[in-house]
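Each chain, written out:
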Amino acid sequence: MVSEEIGWQEADKVKHDCYGYLISTRGVVTSASCLLEKTKLPNLVRLGGLGFSGGSQTIRIEKVEIYPKYSRVNRQNNVAVVKLESPVEPSEQVFPGCLLQDVTHSPLLQQVYDFDSNEYFSIHPIYKSDCDSVADDPIFQAPETTCMNPGWIKYNVRYSTGLGYLLERVNSFAMKSLCFQRGNPVIWRNFTRNNTYTEYIVHIYNHGKCNDTFIRIVERVAMYIDLFKKALV
């Protein structure tokens, strides 16, 4: 399990309100907007507690690095990295994932992890040119930001509305509407012929409406490698 809970401890109370993805034994990538929502930055991370009854590790945070170009106005560059005070002890439940370093292309078969249900759901990459054509929005002009289609239903763009873009289903197949949290990892599992796989994080979920007719905005993690290097040295 490489998806982790980021929390705030005050006195004897601990609240885990943000989530992230373990990219090294001391690094967790997440969303900047979630970490900055409170007056104080988080001070601990619980690892291995999602979907397991025991064996979790809690490690205090050494520092939080927010991407310098993050915009609170339009949530562009919504990425941050948390550095742990001590390394994680890898186990069957807790281990770092791989970071896909392709800055131009995304794998087709991606999944977004939903922390509430502890499940993965399909999410479909959309060509950058299609994202740009949705609306004249500066958030899509940045190479770090792109959009995805939740599920496998194809859509036609109808019109834009605020930070979301209304889409029209091409067919009549129903799809469950889901809300995903900021910082949710969007991953790709590269399977081998013997059905084993290597898991890569490709995007970090940024924002999107909680229904099946709005595209979802994500950040391409490969564009933030310099941030990770700076924070984790």
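If you're wondering where the values come from, they're calculated on a predicted model, not measured in any experiment.

Reading guide: rules and limits
Each chain has its residues counted from 1, running along the sequence as written. Selection of residues for local features in this predicted model requires a pLDDT of at least 70, selection of side-chain atom pairs for listing and counting requires 80 or more, and totals for whole chains, interfaces and linings are taken over all residues. Calculation of side-chain values draws on the structure's entire complement of heavy atoms; hydrogens and water are dropped beforehand. Whenever a pair of cysteine sulfur atoms sits within 2.5 Å, that pair is classed as a disulfide. A run of H or I in DSSP becomes a helix once it reaches four residues, and a run of E becomes a strand once it reaches two; helices and strands are each numbered from the N terminus. Buried means the residue's accessible area, taken with a 1.4 Å probe over protein chains only, is under 20% of the maximum for its type, while exposed means over 50%, and partly exposed covers the values in between. Basic side-chain nitrogens of Lys or Arg form a salt bridge, by our definition, when they fall within 4 Å of a carboxyl oxygen of Asp or Glu. Note: the arc covers the axis-to-C-beta directions of the helix. Whether two residues are in contact is decided by their heavy atoms, any of which lying within 4.5 Å being enough. Classification of ring pairs rests on two measures: the distance between centres of Phe, Tyr or Trp rings, Trp counted by its six-membered ring, which must be within 6.5 Å, and the angle between planes, read as stacked under 30 degrees, edge-to-face over 60 and tilted in between. Placement of a charge over a ring requires the Lys NZ or Arg CZ to be within 6 Å of the ring centre, with the centre-to-atom vector within 35 degrees of the ring normal. Values of pLDDT, which run from 0 to 100, indicate the predictor's confidence residue by residue.

1. Quick notes on the state of the cysteines
Phase 1: According to the stated counting rule, one finds one disulfide in the structure shown.
Phase 2: One disulfide bridge connects Cys 18 with Cys 34, the sulfur atoms lying 1.9 Å from each other. In this structure, the disulfide formed by Cys 18 and Cys 34 twists by about -100° around the S-S bond and is classed as left-handed. Linking Cys 18 in strand E2 (residues 13-22) with Cys 34 in helix H1 (residues 32-35), this pair joins segments that are 16 residues apart in sequence. For the pair shown, Cys 18 and Cys 34 are each scored as buried.

2. Examining the pattern of salt bridges
Two side chains carrying opposite charge are able to pair once their charged atoms lie near each other.
Phase 1: Evaluated as defined, the whole model comprises seven salt bridges.
Phase 2: The salt bridge partner of Arg 189 is Glu 199, with a shortest N-O separation of 3.0 Å. You can see Arg 189 sitting in strand E13 (residues 185-191) and its partner Glu 199 sitting in strand E14 (residues 197-207), a full ten residues away along the chain.
Phase 3: For Arg 189, a relative accessible area of 23% gives the class partly exposed.
Phase 4: Overall, the relative accessible area of 12% leaves Glu 199 in the buried class.

3. Concerning helix H3 (residues 225-232)
Phase 1: When H3 is considered as a whole, its buried residues turn out to be Ile 225, Leu 227, Phe 228 and Ala 231. Buried residues in H3, looked at end-on, bunch into an arc of 160°, giving them a common side. The exposed set on the far side of H3, more than 90 degrees from its buried face, consists of Asp 226, Lys 229 and Lys 230.
Phase 2: Elements that come into contact with the buried residues of H3 comprise strand E3 (27-30), strand E5 (57-66), strand E6 (80-84) and strand E7 (98-99).

4. Description of the packing of aromatic side chains
Phase 1: Following the criterion strictly, the structure yields eight aromatic pairs and no others.
Phase 2: Both rings, one in Tyr 67 and one in Tyr 224, keep their centres 4.8 Å apart while their planes meet at 80°; by these two values the pair is edge-to-face. Placement of Tyr 67 in the loop between E5 and E6 and of Tyr 224 in the loop between strand E15 (216-220) and H3 is noted, with a sequence separation of 157 residues between them. Per residue, the accessibility class of Tyr 67 equals that of Tyr 224, and both read buried.
Phase 3: Between Phe 180 and Tyr 205 the ring centres are 5.6 Å apart and the planes differ by 70°, which places this aromatic pair in the edge-to-face class. Here Phe 180 is found in the loop between strand E12 (164-169) and E13, whereas its partner Tyr 205 is found in strand E14, with 25 residues between them in sequence.
Phase 4: Since its relative accessible area comes to 11%, Phe 180 is described here as buried.
Phase 5: In textbook terms, an aromatic cluster arises when at least three aromatic residues are bridged by ring pairs, as seen for Tyr 19, Tyr 113, Phe 115 and Tyr 120.
Phase 6: Cation over ring: Lys 38 sits above Trp 8, and NZ or CZ is 5.2 Å from the ring centre.
Phase 7: Here the basic side chain of Arg 189 rests over the ring of Tyr 120, its NZ or CZ set 4.6 Å away from the ring centre.

5. Focus on the confidence of the model for the protein
Phase 1: Mean pLDDT over the protein stands at 82; residues scoring 70 or higher make up 80%.
Phase 2: The least confident element of the protein is strand E11 (residues 155-161), whose mean pLDDT is 47; the most confident is E6, at 97.

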